[in-house]
Amino acid sequence: MTTMPGQILQAEPAARTGRAGTRRSLPLLVLGTGADPDSERGVDCPGELPPASDPGLVERARAARAELGDRAFVLGHHYQRDEVIQFADVTGDSFKLAKDAAARPGAEFIVFCGVHFMAESADILTSAAQKVVLPDLAAGCSMADMATYNQVEQCWEALEDLGLADDVIPVTYMNSSADIKAFTGRHGGTVCTSSNARRAVSWALSRGSKVLFLPDQHLGRNTAVLELGMSLDDCVVWDPHAPGDTGGLSAEQLHDATMILWRGHCSVHGRFSPDCVTDVRARIPGVNVIVHPECQHEVVLAADHIGSTEKIISTIEQAPAGSAWAVGTELNLVQRLAVSHPDKTVVFLDKTVCYCSTMNRIDLPHLVWALESLANGRLVNQITVGDQTAAQARAALDQMLALP
Ligand code: SF4
């Protein structure tokens, strides 16, 4: 069945966030183990998921995409597989894609080939009439999952008990759940990206004497030390799993710190070590090493350049022919850069393969399934954020847009 614009679709169970009374701490990487069906984000695909071996997948994706026409807008994050990226109407990092979606109010369906927090941000920034679809609900983000609503609320309560909360401005990285963005908005903070983290932290420190930086400790530390001239001693790490209720820190440490870094990290960028840099310099004489600021501080210190995904792309685009680059970011992007710049040597920083396993959940069978379902009048895997959560998260996103 093909639907017409404006026709109401029958929705499969949606993935909702921000509902009062449903928040609780989740274990990390809860992917389809069957141990706790309540907490596992849906790994079932209602209807028929085509097998990866189906030789007609590309043709089926093309046909469904053509049938949906302007009703659908397909977003592809830079870390997605080539087989998926070929169907993206636009590519980019998470914030660019959310803004691209908001700039397409005529698209009824935003098909987000990325991970869960990105789809949430797109839902927050798009109109109520637009439906955001994540082709596989198991495409989460281990970093975002490292800061849960309950953990962050407990941290804030501890800061209040110590009389510190009034001095603290929260700054959350884009790679966080809608709940954490809402927490940040509620407490007068801002969202940041890896491109504007310096401005976000500077702004926060003009309003308070401390920053609670969520959820990526490495981006927070690299920003504070390398871009704002703080020392490592100005930074402490709040560990939500430490015994007691002060994140493994003493009251004195919390009083003295300027940056309270949440103990979270990216499981992809966190893998790179200083040895990777030493090894690649030995293997490729004269190589330039460029890494993402989600990498460990020691890796960033050993590299030649640091930059967001967009900066990595533009740096290699503008590099002279014949130059050699070792890139410390997700492998799908590095491989695409290598293919699209045959006049340069572009290699992955690590010797071993490392994709973002959750990003890779979005494959061609899931994209075909999502597009065909939508074309056949069945709304699947919709990501929705509750109104109150969305409004508070939007305040933190708007603050980011207003950063000086
Ligand atoms: S690359 Fe890292 S931060 Fe990005 S989605 Fe994967 S785990 Fe999350």
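Residues numbered from 1 in each chain as written. Predicted model: local features only at pLDDT ≥ 70, side-chain atom pairs only at ≥ 80, totals over all residues.

A. Representation of the sheet that holds strand β5 (residues 109-113). Taken in spatial order, the four strands line up as β4-β3-β5-β6 in an open sheet, and their pairing is parallel. What marks the edges here is a single partner per strand, and that holds for β4 (90-92) and β6 (131-133). With strand direction ignored, the average angle separating the axes of adjacent strands in the sheet is 25 degrees. Relative to β5, strand β3 (residues 72-77) runs parallel, the two sharing five bridges. Pairing of Phe-73 across the sheet is with Ile-110, part of β5. (Pairing = 2+ DSSP bridges. Helix = DSSP H or I, 4+ residues; strand = E, 2+ residues; numbered from the N terminus. Axes fitted to C-alpha atoms, helices over the stretch in contact; angles between N-to-C directions.)

B. View of the environment of Ala-122. By secondary structure assignment, the location of Ala-122 is in helix α4 (residues 116-125). Residue Ala-122 is classed as buried on the basis of its 28 C-beta neighbours within 10 Å. For the pair Ala-122 and Leu-97, spaced 25 residues apart in the sequence, the C-alpha separation amounts to 7.7 Å. Setting aside residues no more than four positions away along its own chain, Ala-122 makes contact with Leu-97, Ala-98, Ala-101, Ile-110, Phe-112 and Val-132. (Buried ≥ 20, exposed ≤ 12 C-beta atoms within 10 Å, placed from the backbone. Contact = placed C-beta atoms within 7 Å.)

C. Geometry of the packing of helix α3 (residues 94-102) against α4. Between α3 and α4, the least distance of the axes is 9 Å, while the angle of their chain directions is 35 degrees. Every pair of crossing elements has a handedness; the one defined by α3 and α4 is right-handed. Here Ser-94, Leu-97, Ala-98, Lys-99, Ala-101 and Ala-102 of α3 come into contact with α4, specifically with Met-118, Ser-121, Ala-122 and Leu-125. Broken down by class, the residue content of the contact of α3 with α4 amounts to seven nonpolar, two polar and one charged. (Left-handed = near helix turned anticlockwise from the far one by under 90°. Nonpolar A, V, L, I, M, F, W, Y, C, P; charged D, E, K, R; others polar.)

By themselves, these figures tell us nothing about what the structure is for.
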